[in-house]
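Summary of the model geometry
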Amino acid sequence: MIDKTALVVGDIMLDRRIEGDATRVSPEAPSLVVREGKISDALGGAANVACNLAAMGVKTQLVGVVGNDAEGRRVNELLIEAQGKYPLWPRLLVGDAPTCVKTRITCDGQQVLRLDRETSYWQLSSAVRALCDEAMKAADVGLVIASDYDKGTLSDCRAYVSKLAGATIVLADTKPHLFADYVGRPILFTPNYAEALEYIRKHELIHVGFPRKNIVVDAPVACSLVRHHLDADVIVT
């Protein structure tokens, strides 16, 4: 794998953190009044995955979409900074929808609020697939990671990514309701524990005498149940 390239394709986000002070409660509503302090930005979603791989020395190509806005330009700035340090090659499309942003507000090191700006890029999904083709032809790709948060970037690419599993390692980091869109045992699914439980409850993989929402099993059992039902490789993170 060390001589091969990783391709990360999926939903790109900007992670923004606002650090502030809260010394009183608003007279208008039962909520804190936060005095804005330091603001910091970091790559999120697929961009974060790609940057982490590149930081470990893995040659990495990134395919995704950002908006034509200040946040999209900020993502590009952060990727250019990362390129100066790591073997990272972004291939980005610019869409009409706003860039996805997750803003976390913290006071004294404690997160008090997260504000999500969600968007969808399904209109550009076929163009994303074309960029993936270019990336696959430009490098000897040994690993494909689909970082799929259901924002539309991969809506027309899931079957395409699944077909790549015969020739390379494919890892699908996606939502439980999208597992069925990625087909085949060569694919490795990486749900977190909560997502694994969600999948088990939805598909009634355990038959018990109490409501499905109350079903709880430990991580190894959850992993085994999901793996058997999908007939695919699974790691519960």
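Above this text sits the structure in question.
Notes on the structure follow. (Residues numbered from 1 in each chain as written. Predicted model: local features only at pLDDT ≥ 70, side-chain atom pairs only at ≥ 80, totals over all residues. Heavy atoms only, no water.)

Moving on, we come to helix 6 (residues 219–230). Along its twelve residues, helix 6 runs 16 Å from first to last C-alpha, staying within 8% of the 16 Å computed at 1.5 Å per residue. Backbone nitrogen of Val221 and a side-chain oxygen of the N-cap are separated by 3.1 Å at the start of helix 6; the cap is Asp218. Within two residues after helix 6, Asp231 carries a phi angle of roughly 55 degrees, on the positive side. (Helix = DSSP H or I, 4+ residues; strand = E, 2+ residues; numbered from the N terminus. Expected span 1.5 Å × (residues − 1). Polar contact = N/O pair within 3.5 Å; in protein donor to acceptor, adjacent residues only side chain to side chain.)

On to the packing of aromatic side chains, then. Scanning the entire structure with this criterion turns up two aromatic pairs. Measuring from centroid to centroid gives 5.1 Å for Phe179 and Phe189, while their planes differ by 55 degrees, and the two rings are tilted. Linking Phe179 in the loop between strand 9 (169–174) and strand 10 (187–189) with Phe189 in strand 10, this pair joins segments that are ten residues apart in sequence. Neither Phe179 nor Phe189 differs from the other in exposure class; each is buried. Judged by centre distance (5.3 Å) and plane angle (40 degrees), the ring pair of Phe179 and Tyr199 falls under tilted. In this pair, Phe179 sits in the loop between strand 9 and strand 10 while Tyr199 sits in helix 5 (residues 193–202), placing the two residues 20 residues apart along the sequence. Accessibility expressed as a relative area gives 1% for Phe179, which makes it buried. Members of the aromatic cluster, each reached through a chain of ring pairs, are Phe179, Phe189 and Tyr199. (Phe/Tyr/Trp six-rings, centres within 6.5 Å; stacked < 30°, edge-to-face > 60°. Buried < 20%, exposed > 50% of the residue type's maximum accessible area, 1.4 Å probe, protein only.)

Judged by pairing direction, the sheet is parallel, and its seven strands sit side by side in the order 5-4-1-8-9-10-11 without closing on themselves. Both outer strands of the open sheet, strand 5 (88–95) and strand 11 (233–234), are each paired with one neighbouring strand and no more. Strand direction decides the pairing type here: strand 4 (residues 59–67) and strand 5, joined by eight bridges, are parallel. Within strand 5, the position partnered with Val66 by the bridge is Val94. Along the sheet, helix 1 (residues 46–55) contacts strand 1 (5–10), strand 4, strand 5 and strand 8 (141–148); its crossing angle with strand 1, the most-contacted strand, is approximately 165 degrees. (Pairing = 2+ DSSP bridges. Contact = heavy atoms within 4.5 Å. Axes fitted to C-alpha atoms, helices over the stretch in contact; angles between N-to-C directions.)

Turning to the pairing of strand 6 (residues 100–107), a few remarks are in order. Most of strand 6 sits out of view: eight of its eight residues are buried. The side-chain alternation of strand 6 yields two buried faces, one formed by Cys100, Lys102, Arg104 and Thr106 and the other by Val101, Thr103, Ile105 and Cys107. In terms of strand pairing, strand 2 (residues 12–25) meets strand 6 through eight bridges, oriented parallel. Considered in strand 6, the bridge of Arg17 is made with Arg104. When strand 6 meets strand 7 (residues 110–117), the two strands line up antiparallel, connected through seven bridges. Across the sheet, the residue bridging to Thr106 is Gln111, located in strand 7.

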